[in-house]
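Per-entry structural report
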Amino acid sequence: MWIADNWTDYEILDTSKGEKLERWGDYLLVRPDPQVIWDTERKLPGWKRMNGHYHRSKKGGGEWEFFDLPEQWTIQYPLCQGKNTLTFNLKPFSFKHTGLFPEQAANWDWFGEKIRNAGRPVKVLNLFAYTGGATLAAAASGASVTHVDASKGMVGWAKENARSSGLGEAPIRWIVDDCVKFVEREIRRGNHYDGIIMDPPSYGRGPKGEIWKIEEAIHPLIRLCAQLLSDEPLFFLVNSYTTGLAPAVLTYMIATELKKYNGTVDSQEVGLPVTASGLVLPCGASGRWETK
């Protein structure tokens with residue numbers, strides 16, 4: 001498992017009864033997590049003095065309950081053992097999210113080091129780029145990045161994070177578009193990238209109502225993206241939060257479509273340490289291809 005254990009502004013304090021108690025900077029949140037199926041005693045006082053609690057509804061969805069939580073605040077991440085500091089603007093919004101997936105820091109450090117050690121200009125494509133965590137990590141490491149997301153609001157949030165991280169003038173191309181259609185156009189344009197990152201949702205809709213189901217669409221998209229790789233690609237990263245897509249499945253798809261390149265594939269669960277237990281909470285999986 002790849003563990004995101006370099007955070008100072010974020011930690012999972014405890015987990016119990018389908019929920020996790022998290023510290024986001026100075027604030028404590030309780031959010032549901034489907035992996036937390038154990039019923040351990042809640043000894044930490046934070047369970048009773050949280051700043052926000054997301055209550056899952058039995059009918060689907062849910063709602064936030066707030067206790068002295070600001071509308072927005074920031075936390076920082078020391079990228080690659082402190083060589084660069086990224087700043088993220090957080091705010092609770094629909095379906096329990098805050099605008100950041102902290103477990104992805106394990107991947108930020110991985111490809112950030114590869115970009116810095118490449119010894120040449122690196123172009124990166126970030127698909128389903130959300131609020132820009134991977135985009136900022138790649139740009140801070142020296143890459144030129146194309147950031148693509150179907151949500152105009154998410155791209156705006158990512159730009160705000162870039163400015164807060166001192167990357168407002170970094171070579172980042174911001175694109176609001178359906179990711180599959182954008183990739184198809186880039187192929188026709190003859191554009192190529194040295195690194196590709198994709199963090200697709202399990203289910204989603206594009207800006208014109210296009211339906212995305214990861215089990216049906218992920219392999220065709222990997223095949224398309226393989227056509228966008230440069231002659232000497234650096235890395236290829238696919239993230240999954242879908243239970244049915246085991247790490248071995250990610251390895252199989254990536255290895256099949258990138259077999260003409262001289263590289264290796266490894267796929268693992270990604271996780272976050274839990275302070276109270278000393279154990280690690282699994283938070284999805286990642287498939288990594290890298291050049292030999």
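Anyway, here's the lowdown on the structure attached to this text. Everything numeric in this text was worked out from a predicted model, so none of it was measured.

So, on to the sheet that holds strand β16 (residues 263-273). The strands making up a sheet associate through hydrogen bonds between their backbones, and the pairing can be parallel or antiparallel. One open sheet accounts for eight strands, arranged β1-β16-β17-β15-β12-β9-β10-β11; its pairing is mixed. Strands with a single pairing partner mark the edges of an open sheet, and in this sheet they are β1 (2-3) and β11 (172-176). The pairing of β16 with strand β17 (residues 280-291) spans ten bridges and is antiparallel. Each residue of the ladder has a partner; that of Gln268, found in β17, is Ser286. Where helix α3 (residues 133-140) meets the sheet, its contacts fall on β9 (123-127), β10 (144-149), β11 and β12 (195-198), and the angle it forms with β10 comes to roughly 175°.

We now examine the sheet that holds strand β4 (residues 27-32). Pairing within the open sheet is mixed, and its five strands lie in the order β2-β3-β4-β5-β6. Looking at strand neighbours, the two that pair on one side only are β2 (10-16) and β6 (62-66), the edges of this open sheet. When the angles between neighbouring strand axes are averaged without regard to direction, this sheet yields 20°. In this structure, β4 lies alongside strand β5 (residues 52-56), joined through two bridges in parallel fashion. If you follow Val30 over to β5, its bridge partner there is His53.

Structurally, Asp178 can be placed in the loop between β11 and α5 (179-189). With no salt bridge to any partner, buried Asp178 finds its closest opposite charge in Lys181, at an N-O distance of 5.5 Å. At a separation of 3.0 Å, a polar atom in the side chain of Asp178 contacts the main-chain amide nitrogen of Lys181.

Running from N to C, helix α2 (residues 105-116) and α3 point in directions that differ by 30°, and their axes come no closer than 8 Å. Considered as vectors, α2 and α3 are oriented roughly parallel to each other. Between α2 and α3 the crossing geometry is right-handed. Taken together, the residues of α3 that come into contact with α2 (itself represented by Trp108, Phe111 and Ile115) are Gly133, Ala134, Ala137 and Ala138. Per-class residue counts for the contact of α2 with α3 are six nonpolar, one polar and no charged.

Rules and cut-offs
- Residues numbered from 1 in each chain as written.
- Predicted model: local features only at pLDDT ≥ 70, side-chain atom pairs only at ≥ 80, totals over all residues.
- Heavy atoms only, no water.
- Pairing = 2+ DSSP bridges.
- Helix = DSSP H or I, 4+ residues; strand = E, 2+ residues; numbered from the N terminus.
- Contact = heavy atoms within 4.5 Å.
- Axes fitted to C-alpha atoms, helices over the stretch in contact; angles between N-to-C directions.
- Buried < 20%, exposed > 50% of the residue type's maximum accessible area, 1.4 Å probe, protein only.
- Lys, Arg positive; Asp, Glu negative; His and termini not counted.
- Salt bridge = Lys/Arg side-chain N within 4 Å of Asp/Glu carboxyl O.
- Polar contact = N/O pair within 3.5 Å; in protein donor to acceptor, adjacent residues only side chain to side chain.
- Parallel < 35°, antiparallel > 145°, perpendicular 65-115°, else oblique.
- Left-handed = near helix turned anticlockwise from the far one by under 90°.
- Nonpolar A, V, L, I, M, F, W, Y, C, P; charged D, E, K, R; others polar.

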